[in-house]
Amino acid sequence: MLLVLVYPEPNEIDGPDIEVPEDRNVVGIDPDCTHAWTVEQLRDPETEQYYQRSYLLGSRVILRSKPGHFYEIDPETGEILADWPETAFRFEDRTVSFAPAEVGPPEWYDGKIIFRTSDSMMYGFEPDGTKLWERETEADWHLESDGEEFGLWIEPRMGMKMEFRLDTETGKIVEQTYGAGVGEKYVDE
């Protein structure tokens, strides 16, 4: 199944093959290139505009609406399985609150769910919601996975990008992989 998230655009396409409503802007396409489903409507159309981002966390498909509500959908049907506010995250059978902080984009690496929150904290969880670690970060750190390693990067005000490798089991920064020597202060010993 191919999942397609269509951003609402002011320029309309003449004669589209699939009509995609603005508030249901995620569709599933079968391997034979036919339209399989259109995602269910947002829970609160009064405050939410459209689905803004999608995340693949293992076998889970998570959507995020604008302004930030999370939805887990069934990738075979487009049915909403669960939804939760941007100040929380839903794991297998429970929801963990981080209020008043908002949860940033979740990442999946080596069977772990990792994300930052708007209060400059970073967390590592097992898929069942078991917290592995938490740590403070700088406000402008970014998470990044290249498939082989999981890391962080930051562009400090000095302008030199720095990259680091993160141990996803412990949350420790184990080495600086790129950038100026001032990044050594971030490496955990």
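Refer to the preceding data block for the structure.
Residues numbered from 1 in each chain as written. Predicted model: local features only at pLDDT ≥ 70, side-chain atom pairs only at ≥ 80, totals over all residues. Heavy atoms only, no water.

Draft legend 1. Layout of the sheet that holds strand β13 (residues 131–136). Taken in spatial order, the 4 strands make up an open sheet running β10-β11-β12-β13, and their pairing is antiparallel. Taken across any chain shown, the strands that pair with only one partner, and hence form the sheet edges, are β10 (107–109) and β13. Neighbour to neighbour, the strand axes of the sheet diverge by 20° on average, direction disregarded. (Pairing = 2+ DSSP bridges. Helix = DSSP H or I, 4+ residues; strand = E, 2+ residues; numbered from the N terminus. Axes fitted to C-alpha atoms, helices over the stretch in contact; angles between N-to-C directions.)

Draft legend 2. Representation of the pairing of strand β7 (residues 80–84) within the structure. When strand β6 (residues 70–73) meets β7, the two strands line up antiparallel, connected through 4 bridges. Residue I73 lies in a different strand from β7, and its bridge partner there is I80. Between β6 and β7, which pair antiparallel in sequence order, lie 6 residues; one of them, G78, sits at a positive phi of approximately 80°.

Draft legend 3. Spatial organisation of the environment of L166. Mapped onto the elements of the fold, L166 is located in strand β16 (residues 162–166). L166 gets classed as buried once you look at its relative accessible area, which sits at 4%. Put simply, L166 and L143 are 23 residues apart on the chain and 9.4 Å apart in space, counted from C-alpha to C-alpha. The residues touching L166, leaving out its near neighbours within four places in the chain, are M122, W133, F150, G151, L152, G171, K172 and I173. (Buried < 20%, exposed > 50% of the residue type's maximum accessible area, 1.4 Å probe, protein only. Contact = heavy atoms within 4.5 Å.)

Draft legend 4. How the structure looks around the sheet that holds strand β2 (residues 26–29). Taken together, 3 strands build an open sheet; the order of strands is β1-β2-β3 and the sheet is antiparallel. Two strands in the sheet have a free side with no partner beyond their single neighbour: β1 (2–5) and β3 (35–38). Taking each pair of neighbouring strands and ignoring which way they run, the sheet shows an average axis angle of 25°. As paired strands, β1 and β2 are joined by 4 bridges and run antiparallel to one another. Each bridged residue has a counterpart across the sheet, and for L3 the counterpart in β2 is G28.

Draft legend 5. Spotlight on the packing of aromatic side chains. Inspection of every chain in the model, using the stated rule, returns 17 aromatic pairs. Ring centres 5.4 Å apart and planes at 75° place the aromatic pair Y51 and Y71 in the edge-to-face group. Here the residue Y51 occupies a position in strand β4 (residues 50–57), and Y71 occupies one in strand β6, the gap between them amounting to 20 residues. Each member of the pair, Y51 as well as Y71, is classed as buried. Here the aromatic residues F70, W84, F89, F91, F98, F115, Y123 and F125 are joined through ring pairs into a cluster of three or more. Over the aromatic face of W153 sits the side chain of K161, whose NZ or CZ is 4.5 Å from the ring centroid. (Phe/Tyr/Trp six-rings, centres within 6.5 Å; stacked < 30°, edge-to-face > 60°. Lys NZ or Arg CZ within 6 Å of the ring centre and 35° of its normal.)

Draft legend 6. Region of interest: the side chain of E48. Mapping E48 onto the fold places it in the loop between β3 and β4. Buried charge E48 goes without a salt bridge, the closest partner of opposite sign being R43 at 7.8 Å. A polar contact is formed between the side chain of E48 and the side chain of S65, at a distance of 2.5 Å. Contact partners of E48, with chain neighbours within four places excluded, come to L42, R43, S65, K66, P67, H69 and Y71. (Lys, Arg positive; Asp, Glu negative; His and termini not counted. Salt bridge = Lys/Arg side-chain N within 4 Å of Asp/Glu carboxyl O. Polar contact = N/O pair within 3.5 Å; in protein donor to acceptor, adjacent residues only side chain to side chain.)

Draft legend 7. The pattern of salt bridges, seen in detail. Following the criterion strictly, the structure yields 8 salt bridges and no others. Salt-bridge contacts for R135 lead to D188; the nearest nitrogen and oxygen are separated by 2.7 Å. A residue pair is termed long-range when its members are at least 10 positions apart, and R135 in strand β13 and D188 in the segment after β17 (173–178) qualify at 53 residues. Notably, a salt bridge pairs R165 with E149, separated by 3.7 Å at the nearest N-O pair. Taken together, the positions of R165 in strand β16 and E149 in the loop between β14 (142–145) and β15 (150–154) put the pair 16 residues apart, joining distant regions of the chain. Here the salt bridges share partners, and the residues they tie into one network are E149, R165 and E175.

Draft legend 8. Representation of the nonpolar core. Core analysis: the biggest nonpolar cluster contains 17 residues, and W84, F89, F91, F98 and F115 have the highest contact counts within it. For this core, the secondary structure elements donating two or more residues are β4, β7, β8 (88–90), β11 (112–116) and β12 (121–125). Considering every element that reaches this core, the biggest residue donor is β12, with 3 residues. The residues touching W84, leaving out its near neighbours within four places in the chain, are R60, I62, H69, F70, Y71, E72, F89, R90 and T95. (Core = buried A, V, L, I, M, F, W, Y, C linked by side-chain atoms within 4.5 Å.)

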